[in-house]
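Each chain is listed here by its residues.
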Amino acid sequence: MDLFEKILKNRGPIGQHAKDSHGYFTFPKLEGDIGTRMIFRGKERLIWSLNNYLGLANHPEVRKVDGEASAKYGLGLPMGARMMSGNSNQHEQLENELAAFENKEDAILLNYGYQGMVSAIDCLVDRHDVIVYDSESHACIIDGVRLHMGKRFVYPHNDIANCEKQLERATRIIEETGGSILLITEGVFGMSGDQGKLKEIVALKERFTFRLFVDDAHGFGTMGKTGAGTGEEQNVQDGIDIYFGTFAKSMALIGGFIASTENVVEYLRYNMRSQIFAKSLPMPLVIGALKRLELLRTQPELKNNLWKIVNALQSGLKNAGFDIGKTQSPVTPVYLNGTIGEATNLIYDLRENYDIFCSMVVYPVVPKGIIILRLIPTASHTVEDVNYTIEAFRKSYVKLKAGEYASEKIATF
Ligand SMILES: Cc1ncc(COP(=O)(O)O)c(C=O)c1O
């Protein structure tokens, strides 16, 4: 079959709905200044779907530095990959500050979180090694594992007894191959919001020889006393051998980093294909990240405000009878039962009649019949925003139960 014909026939699990959903349920356009109020289809809405945990995206000091750095350097500098011609004092300063913040010896910048994770996994292991990883891992971990030429064993999400079994299997294999074991988990799982069981995993090091790689995209800046992440939160930061953070969430920017020992970071610097063979982070992003990190470190009220809103939202939803699953982080999923048609009618009602904009997650990301409304609280939301939203959710839940959203088809808009 011709490749294009095949693509025409099978549009993919989400793509099959593109004609009915594009521009509203998928690829919506949020316009205006980044914040809790943005314009969607010409009208102001209350936004609960931006990874802007600390509210830094539109912080005046951040905007000032972003603007000044862009004016001074443009977006082109540095020209080239770090190894060849794209290094700078600012890149190295940011790496040093990130390493110190994470209490690690050194750090390496990544020009995108996703490709950085994929490439780091690829670079750390060879065909003699075994990867053990959590079944609910983010796509970037799955893609990294896909590149791996050796064995990989997956354990059911946060199932430590099973993880132990996989470590036993992995140990038997490396005894034959002479390889090593890399265990990968998330710090905070981005969909359900629960934390990886880092404490239990670190404790397994007493019985097994492995290195722990934690993707803490959602934990960096939000978890732990200083915001250093889920390792700090669970008091096992030293047990994390390789720590990944993205700039795309708490820092409201682009890019990411990996922090580890001096030796491991040097190895990554000289072997990670996504960094050796790609242009380095533009100067304004590096200078913007330095500013954001400074604010994250010196203004604990940002994280305190975030958690005030998180607690109000999560306890309010629970008190109103909603199922928010096992979240232990700002990520707030609301689990409902219904079809894709019902989910779209519900979202449409929330957007058009209550001016509330949140994301929905449906099959195939979650099993058929489950709808997740995913809320991302930020330091910029208010308790009034929370109360208003819970009341609107309560009303739409009554309609859902009464079958008012029932439909075989995606809502028209
Ligand atoms: C758990 C996790 N890892 C990695 C990434 C990728 O980060 P970035 O957006 O910086 O590419 C994300 C972003 O969605 C994420 O949620």
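Scroll up to find the structure this text is about.
Residues numbered from 1 in each chain as written. Predicted model: local features only at pLDDT ≥ 70, side-chain atom pairs only at ≥ 80, totals over all residues. Heavy atoms only, no water.

K.L.:
Requested: an account of the sheet that holds strand β2 (residues 37–40), with residues and values cited.
P.N.:
Sheets are built from strands that pair by backbone hydrogen bonding, the pairs being arranged parallel or antiparallel. Reading across from one edge, β1-β2-β3-β12 is the order of the 4 strands in this open sheet, with mixed pairing throughout. Since the sheet does not close on itself, it has two edges, and those belong to β1 (30–31) and β12 (356–357), each with one partner. (Pairing = 2+ DSSP bridges. Helix = DSSP H or I, 4+ residues; strand = E, 2+ residues; numbered from the N terminus.)

K.L.:
Lay out the sheet that holds strand β11 (residues 332–337) in plain terms, naming residues and giving numbers.
P.N.:
One open sheet holds the 3 strands; their spatial order is β11-β14-β13, and the pairing between them is antiparallel. Of all the strands in the sheet, just β11 and β13 (359–361) have a single pairing partner and so form its edges. Strand-to-strand twist in this sheet, taken as the mean axis angle between neighbours without regard to direction, amounts to 25 degrees. One ladder, built from 6 bridges, connects β11 with strand β14 (residues 370–375); its direction is antiparallel. Across the sheet, the residue bridging to Val-334 is Leu-373, located in β14. (Axes fitted to C-alpha atoms, helices over the stretch in contact; angles between N-to-C directions.)

K.L.:
Before we move on, could you go through the pattern of salt bridges and cite the residues and values that matter?
P.N.:
Scanning the entire structure with this criterion turns up 18 salt bridges. Ionic pairing is found between Arg-269 and Asp-106, a salt bridge with its closest N-O pair at 3.3 Å. One end of the pair, Arg-269, is in helix α10 (residues 262–271); the other, Asp-106, is in strand β4 (residues 106–110), with 163 residues separating them in the sequence. One network of salt bridges, with partners in common, ties together Lys-43, Arg-45, Glu-352 and Asp-355. (Salt bridge = Lys/Arg side-chain N within 4 Å of Asp/Glu carboxyl O.)

K.L.:
A description of helix α3 (residues 60–73) should follow, citing residues and the corresponding values.
P.N.:
The end-to-end C-alpha distance of α3, which contains 14 residues, comes to 20 Å, matching closely the 20 Å that a straight helix rising 1.5 Å per residue would cover. Turning to α3, its buried residues are Val-62, Val-65, Asp-66 and Ala-69. The buried residues of α3 all sit within an arc of 100 degrees when viewed along its axis, so they share a single face. α3 presents Pro-60, Lys-64 and Ala-71 as exposed residues on the side facing more than 90 degrees away from its buried surface. Against α12 (283–298) lie the buried residues of α3. (Expected span 1.5 Å × (residues − 1). Buried < 20%, exposed > 50% of the residue type's maximum accessible area, 1.4 Å probe, protein only. Arc of directions from axis to C-beta. Contact = heavy atoms within 4.5 Å.)

K.L.:
An account of the environment of Pro-377 is needed here, citing residue identities and associated values.
P.N.:
The topology assignment puts Pro-377 in the loop between β14 and α15 (383–401). Residue classification places Pro-377 among the buried positions, given a relative accessible area of 0%. For the pair Pro-377 and Leu-313, spaced 64 residues apart in sequence, the C-alpha separation works out to 7.8 Å. Not counting chain neighbours up to four residues away, the residues in contact with Pro-377 comprise Trp-48, Tyr-53, Leu-306, Ile-309, Val-310, Leu-313, Pro-330 and Thr-332.

K.L.:
Tell me about the site of the ligand, residues and numbers included.
P.N.:
The ligand sits among 13 residues. The nearest are Tyr-114, Asp-215, His-218, Thr-246 and Lys-249. Contacts to the ligand include Tyr-114, whose backbone N or O atom sits 2.7 Å from an oxygen atom. A distance of 3.2 Å is found between an oxygen atom of the ligand and a side-chain nitrogen or oxygen belonging to His-218. Put simply, the parts of the chain that give the shell around the ligand at least two residues each are α5 (113–124) and β9 (242–246). (Near = heavy atom within 4 Å. Polar contact = N/O pair within 3.5 Å; in protein donor to acceptor, adjacent residues only side chain to side chain.)

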